[in-house]
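Close look at the chain arrangement
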Amino acid sequence: MALGLPSRLPGRVPTVRELLAAGERSFSFEFMPPKTDEGERQLWRAIRELESLRPTFVSVTYGAGGSTRDRTVGIVERLAHETTLTPVAHFTAVDHSIRELRHLVGRFADAGVRNILAVRGDPPGGNPLDEWVKHPDGVAYAEDLVRLIRQAGDFCVGVAAFPYKHPRSATIESDTEFFVRKCRAGADYAITQMFFRAEDYLRLRDRVAARGCDTPIIPGVMPVTQMSTIARSEQLSGAPFPPEVAARFEAVADDPAAVRRLGIEHAAEMCQTLLDEGAPGIHFITFNRSSATREVFQALTTTPAAVVS
């Protein structure tokens, strides 16, 4: 794939900061900790299939309320030790004291993980609109979590960005302010919540740039492969699904195969537009399935330039 980019040195995992600074397009994948043994097998099948694409990095999510903490750490450890991939560990503040947070950062460090994505996290239950209650001895905001990780050692820290806006933000303007504060607290890059219109990402990037912030923002993309994905995306992101995009899917809703084909086509079109407009890369949200992601990846009209991990 890409040439002349930082490669993994013995005993040292590159940081996302270093990989993005190389200037090549980043292609990365997001996985989630499985809940069952069969889910575990499916996850590692997907990881092995996508490893051959030589992504810039892969990330592992962290369940609401820290519900998958140990599984997340375990998967990240395996990725670091048993694959050629550069792992990024998601890390939330929900239901954790500062002492627990520091201990978990230490666990990542012990596993050789230098890349952490700091997000405040959804309340237990996974609904972003439910009440969010700060741990009595914890932190209140993602920017606090960024500072805590930064103080703990030589980590590369990513944060979340919201093309529409976070469900709890009163306005787009206030959401932009919160994002810039996270970046100025020490974030090296950001990954967006899923979205389905390229212009939503481009407006976010323009808003942030207008505030004098140049933190790289990687768009997060999830192909729609069935009609239920639309409703699920609204629940997960807290953002309405674009009506003009929904209309395209509703026109073929009675044909599951056509829905999937349209989902691949739509995602590939959007990815190509984002890359043409200067996005630093694409972060694919896989839900631990590789086929749709691989099809979108391969459908991009330019030759993917992924980083050698």
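Residues numbered from 1 in each chain as written. Predicted model: local features only at pLDDT ≥ 70, side-chain atom pairs only at ≥ 80, totals over all residues. Heavy atoms only, no water.

Grouped together as the largest cluster of nonpolar side chains are 66 residues, with contacts concentrated most on Phe91, Ile149 and Leu274. The biggest single contributor to this core is helix 10 (residues 256-276), with 7 residues. Residue contacts for Leu274: discarding those within four places in its chain leaves Phe195, Ala198, Tyr201, Pro219, Val221, Ala279 and Ile282. (Core = buried A, V, L, I, M, F, W, Y, C linked by side-chain atoms within 4.5 Å. Buried < 20%, exposed > 50% of the residue type's maximum accessible area, 1.4 Å probe, protein only. Helix = DSSP H or I, 4+ residues; strand = E, 2+ residues; numbered from the N terminus. Contact = heavy atoms within 4.5 Å.)

Turning to helix 6 (residues 172-184), a few remarks are in order. Its 13 residues give helix 6 an end-to-end C-alpha distance of 18 Å, which sits within 8% of 18 Å, the value for a rise of 1.5 Å per residue. The complete set of buried residues in helix 6 reads Ser174, Asp175, Thr176, Phe179, Val180, Lys182 and Cys183. Next to the buried residues of helix 6 lie helix 5 (142-152), strand 5 (156-161), strand 6 (189-192), helix 7 (198-210) and strand 7 (217-218). (Expected span 1.5 Å × (residues − 1).)

What follows covers the environment of Ala246. Relative to the elements of secondary structure, Ala246 occurs in helix 9 (residues 243-250). Between the alpha carbons of Ala246 and Phe196 there is a distance of 9.6 Å; along the sequence they are 50 residues apart.

Using the criterion set out here, one finds 8 aromatic pairs in the structure. Judged by centre distance (5.2 Å) and plane angle (75 degrees), the rings of Phe27 and Phe297 are edge-to-face. Separated by 270 residues along the polypeptide, Phe27 in strand 1 (residues 26-31) and Phe297 in helix 11 (residues 291-299) bring together distant segments of the chain. Classification of Phe27 as buried rests on a relative accessible area of 0%. Classification of Phe297 by relative accessible area gives buried; the value is 3%. An angle of 55 degrees between the planes, with centres 6.3 Å apart, marks the rings of Phe57 and Tyr189 as tilted. Taken together, the positions of Phe57 in strand 2 (residues 57-60) and Tyr189 in strand 6 put the pair 132 residues apart, joining distant regions of the chain. In this structure Phe57 comes out as buried when scored by relative accessible area, which is 0%. Here Tyr189 falls in the buried class, since its relative accessible area comes to 0%. Here the basic side chain of Arg232 rests over the ring of Phe287, its NZ or CZ set 4.1 Å away from the ring centre. (Phe/Tyr/Trp six-rings, centres within 6.5 Å; stacked < 30°, edge-to-face > 60°. Lys NZ or Arg CZ within 6 Å of the ring centre and 35° of its normal.)

Now for unusual backbone geometry. Notably, Arg54 is not glycine yet its phi reads approximately 55 degrees, a positive angle. Non-glycine residue Asn288 carries a positive phi angle of around 65 degrees. Relative to the helices and strands, Asn288 is located in the loop between strand 9 (281-285) and helix 11.

The subject of this paragraph is the confidence of the model for the chain. Overall, the prediction assigns the chain a mean pLDDT of 86, with 87% of residues at 70 or greater. Mean pLDDT per element in the chain: helix 8 (residues 228-237) is the minimum at 83, and strand 7 is the maximum at 98. Within the model, the stretch residues 1-10 combines pLDDT values under 50 with 27 contacts to residues more than four positions away or in other chains. Considering only residues more than four positions removed or in separate chains, one finds that residues 301-309, a stretch of pLDDT under 50, has 35 contacts. (pLDDT = per-residue confidence, 0-100.)

Let us look at the side chain of Ser169. Mapped onto the secondary structure, Ser169 falls in the loop between strand 5 and helix 6. On the basis of relative accessible area, Ser169 is assigned to the buried category, the value being 6%. Here the side chain of Ser169 touches Asp175 through a polar contact of 2.7 Å, side chain to side chain. If near-sequence neighbours (up to four positions away) are discounted, Ser169 is found in contact with Ser174, Asp175 and Phe178. (Polar contact = N/O pair within 3.5 Å; in protein donor to acceptor, adjacent residues only side chain to side chain.)

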